[in-house]
Number of protein chains: 2
Amino acid sequence: MVKDVSIVGSGLVGVVLAISLKKKGYTVTVYDKSEDIRNIDFRGRSINLALSDRGWRILKELGIEDEVRELGIPMSERAIHTEDGNVKYQPYSIKGDSIWAISRGGLNKDLISIAEREGVLFKFDTPIWDVNLKEGILYTAEKESDQWNEIKTDLIFGADGAYSRVRSKMQKQSRFEYQQSYLHLGYKELRIEAMPNGEHQLSKNAFHIWPRKDFMFIALANVDGSFTCTLFMPYEGEVSFNTVQTDEEIRKFFSFYFKDVDALIPNYLEQFRENPVNSLVTMKCFPWVSEDKVALIGDAAHAVVPFYGQGLNAGLEDVYVLNQIINQVGSGSWFDVLKKYQEERKPNGDAIAELSYRNFREMSEDTADDMFLLRKKIEAKFAAKYPSLWLPLYDRVTFSTESYVSALAEGDRQAGIMDEVMKMDEIIHKWDSEEVMNKIKSLL
Amino acid sequence: MVKDVSIVGSGLVGVVLAISLKKKGYTVTVYDKSEDIRNIDFRGRSINLALSDRGWRILKELGIEDEVRELGIPMSERAIHTEDGNVKYQPYSIKGDSIWAISRGGLNKDLISIAEREGVLFKFDTPIWDVNLKEGILYTAEKESDQWNEIKTDLIFGADGAYSRVRSKMQKQSRFEYQQSYLHLGYKELRIEAMPNGEHQLSKNAFHIWPRKDFMFIALANVDGSFTCTLFMPYEGEVSFNTVQTDEEIRKFFSFYFKDVDALIPNYLEQFRENPVNSLVTMKCFPWVSEDKVALIGDAAHAVVPFYGQGLNAGLEDVYVLNQIINQVGSGSWFDVLKKYQEERKPNGDAIAELSYRNFREMSEDTADDMFLLRKKIEAKFAAKYPSLWLPLYDRVTFSTESYVSALAEGDRQAGIMDEVMKMDEIIHKWDSEEVMNKIKSLL
């Protein structure tokens, strides 16, 4: 009988899982190797979050949606900053839905306080060095080389991120499928400060993108008037973190590709020099569960690149689905619960990895391409006319809770149709004609 | 200046590497978590070895070839045991070369003694739990949960196999590419004992195969008159380790598929019940080296499935190539040595992984197929007639030291040609005609 649940990792997924299990009556303890982030100035290496429907669903179910909304800013469109200095706007959703920019650090601090209020116990500064998968024992010590202490528990969740220690133990089991692979791109965080009056320097309700084909710059608003920005760029090559290093190189780079940035970030030189370059990993593994004692969740089970803004949303959907399964199966048999959880979520983890990987191209290259924008306009027109016949892929992933597997498959089918449509003669001129709409209908 | 080299793992590659570096004047210490295998009856979970040219090359260079030959038995052909009880023989090489069956345990014991004679120091029962990649420190303790002790060293080789602990530390570095993947097949070891007079029950100079499409049984001779046998079979499915479990099921399985085995292994029932099912992993990673302090070698860098008999040979070729690079570059700059080693060996590790994966099909399925055997005969005929124009893939991999990368590419080119040849009308009747030989020539 499971009473006592241990969660390794106090990141967003770990904490939301903790709240969810506490509400089901379990004793929940969360372990983290780091200190309580509420005590530190969390300005980190993380791209800002874009919370979308899948993320909100579990927060709503746990009754903390409203509290979290206060930390966020809705973004209903992309603002595409072209090389010649113009800005084009492109709504995200055919129905006017928004994704929400939220600071990862701020949200994490808030959720930890909510969890504590619910009765979750947090053990910070408590690194877990190893796990006994069969017995459900965690091993901790201040340093790995010290004598370890045992923590016996009924059920363990590894919510310890892309470099999960819990998973590294599972990886040593026979027949554990595992793959970690890095993009040729790295990223660097920069920051646009608020104006003296506390207002945002750019439209706060847009997701700002400066697409430059092989690299791109993005900016997401924070509630304090600032923007968290991210430069994605190859490690090596003609324009890369390798060739943009000296002050002179950095200055040249910004003045050539991002003319408007020096006005927005007067100290960009300093920021560029000080902030590290971080890598982008895709991690897939299987199985996610070990008998009825241990399960992986969130990035520990499926780490994806950030180009669909779904990494956290996918992790929060893990919690939602797990919750649903407990409701269905009952908490009497965790063996069955975890088995079902894995069966349902693993294919979806793979699907969002694929979607995320593909979306870098869309963001960095296609959004700068007029034919791509036309394609999106045709899709939007058709979807507005026949909403029951066409939900664009972006909406499926971001503004629905259709499974990622289904979204990927339907997206491919729709892409095939749009490929045909874009081949039509004079499509640029007749894009919103009845003929084009009928063509799509005939291909459905 | 590197003086003191530590090798983690006293398996075959680790020990041969130790001998090679000792001969270059380094102080060499080999650490292994297990006890000295010379003190135990090593009857393990390992498929018998088939040592071929790449393996012999380094043993010859180290002056220990003759000593090792005494442990082995040359095999010049495959003996294919068909379902109807017949045996067909198929020579391995167009030039009459042999691969050598050697017991892994016996060879390992011998090599450790040779290494000790050369002055290599062995520290058995000394598990290495972690590595400091920058400083070159190994951490050891009896149990992982005990207080660790530090071992400072100049250069570390991880020769600790497919589940390398040294590699698992490298895996935590940013941008480390890693993939481990399992076949749907497992394997189980069985043993054919010698006859009362000490002779072999089957021809000892053949590699015996009972190909049965989805599964197969193989037998390799030992010098003591016995054979080490391996059953490869899926974990799940109609005929699988899952459906062959009870005595009744095991009996039915052998009497149906391997009629001759009960005479050769009277206690096969007992052996089948007692011996474990082991898994088959392919592991790829990159980088193999960390600055000038740490390098992976053998299975720790590239674990392959055993169907080409090249796993150990590839590892020994790593040692050979490293040796050559030290001779060229000089041992003054280990940074350059390790960089070159990695550049040269990584593509070859990937190539032998691919070749090994593909060869299961050839062994289990194609060798039972008359058209496949005909194809081999045509190749052999052409190669005999024009030895400078055609070296079959198997010979390239097994009886040459051409790089695996080149063997794979050339093999694909030749396969394309043979596909065309096999489409010729009446090929069964005219396979050794001048017309067919000219066709091949025209396609080269």
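This is a predicted model, so every value here is computed, not measured. (Residues numbered from 1 in each chain as written. Chains lettered and ligands numbered in written order. Predicted model: local features only at pLDDT ≥ 70, side-chain atom pairs only at ≥ 80, totals over all residues. Heavy atoms only, no water.)

**Q** Which residues make up the sheet that holds strand 11 (residues 149–152) of chain B, and what are the values?
**A** Residue and element names in this part refer to chain B. Spatial ordering of the open sheet is given by 9-10-11, a layout of three strands whose pairing is antiparallel. At either margin of the open sheet sits one strand with a lone partner, and together these are strand 9 (128–132) and strand 11. For this sheet, the mean inter-axis angle between neighbouring strands, taken without regard to orientation, is 25°. Both strand 9 and strand 10 (residues 137–140) contribute to a ladder of four bridges, which runs antiparallel. Counted as the bridge partner of V131 is L138 from strand 10. (Pairing = 2+ DSSP bridges. Helix = DSSP H or I, 4+ residues; strand = E, 2+ residues; numbered from the N terminus. Axes fitted to C-alpha atoms, helices over the stretch in contact; angles between N-to-C directions.)

**Q** An account of the packing of helix 11 (residues 370–385) of chain A against helix 15 (residues 434–443) of chain A is requested, with residue identities and associated values reported.
**A** Residues and elements named next belong to chain A. Interaxial distance between helix 11 and helix 15 falls to 11 Å at its minimum, and their mutual angle equals 80°. Compared by their axis directions, helix 11 and helix 15 come out roughly perpendicular. Facing I378, K381, F382 and K385 of helix 11, the residues of helix 15 in contact are E434, V436, M437, I440 and K441. Tallied by class, the residues present in the contact of helix 11 with helix 15 amount to five nonpolar, no polar and four charged. (Parallel < 35°, antiparallel > 145°, perpendicular 65-115°, else oblique. Contact = heavy atoms within 4.5 Å. Nonpolar A, V, L, I, M, F, W, Y, C, P; charged D, E, K, R; others polar.)

**Q** Pulling in residues and values, what's your account of the pattern of salt bridges?
**A** For the structure shown, the criterion picks out 58 salt bridges over all chains. For B:E434, the salt bridge is made with B:K385, and the minimal N-O distance between the two is 2.8 Å. Of this pair, B:E434 sits in helix 15 (residues 434–443) while B:K385 is found in helix 11 (residues 370–385), placing the two residues 49 residues apart along the sequence. Because the salt bridges share partners, they merge into one network encompassing A:R54, A:R57, A:E317, A:D318 and A:R345. (Salt bridge = Lys/Arg side-chain N within 4 Å of Asp/Glu carboxyl O.)

**Q** Hey, could you go over unusual backbone geometry for me, with residue numbers and the actual values?
**A** Here the residue pair A:F286 and A:P287 is connected by a cis peptide bond, since its omega of 0° sits within 30 degrees of zero. The phi angle at B:E291 is positive, at roughly 50°, despite the residue not being glycine. Within the secondary structure, B:E291 is located in the loop between strand 18 (289–290) and strand 19 (294–296). Positive phi outside glycine occurs at B:E426, with the angle close to 60°. With respect to the secondary-structure elements, B:E426 resides in the loop between helix 13 (404–422) and helix 14 (427–430).

**Q** Please give an account of the interface of chain B and chain A that cites residues and values.
**A** At the junction of the two partners, chain B supplies 21 residues and chain A supplies 21 residues. Of the roughly 2,200 Å² buried between chain B and chain A on both sides combined, carbon and sulfur atoms contribute 41%. Looking at the side of chain B facing chain A, the largest losses of area belong to B:S145, B:R175 and B:Q180, adding up to 26% of the total buried there. Across the contact surface, chain B and chain A share zero salt bridges. Applying the counting rule to chain B against chain A returns 17 residue pairs in polar contact (both at pLDDT 80 or more). Tallying contributions element by element places strand 13 (residues 177–192) of chain B first for the side of chain B that touches chain A, with six residues. For the side of chain B that touches chain A, the residue count by class is five nonpolar, nine polar and seven charged. Judged from the three bridges that link them, strand 13 (residues 177–192) of chain A and strand 13 of chain B form a sheet pairing that is antiparallel. Each residue of the ladder has a partner; that of A:Q179, found in strand 13 of chain B, is B:Q179. (Buried area = accessible area lost by both parts, 1.4 Å probe. Polar contact = N/O pair within 3.5 Å; in protein donor to acceptor, adjacent residues only side chain to side chain.)

Limitation: the analysis is restricted to geometry and does not speak to function.
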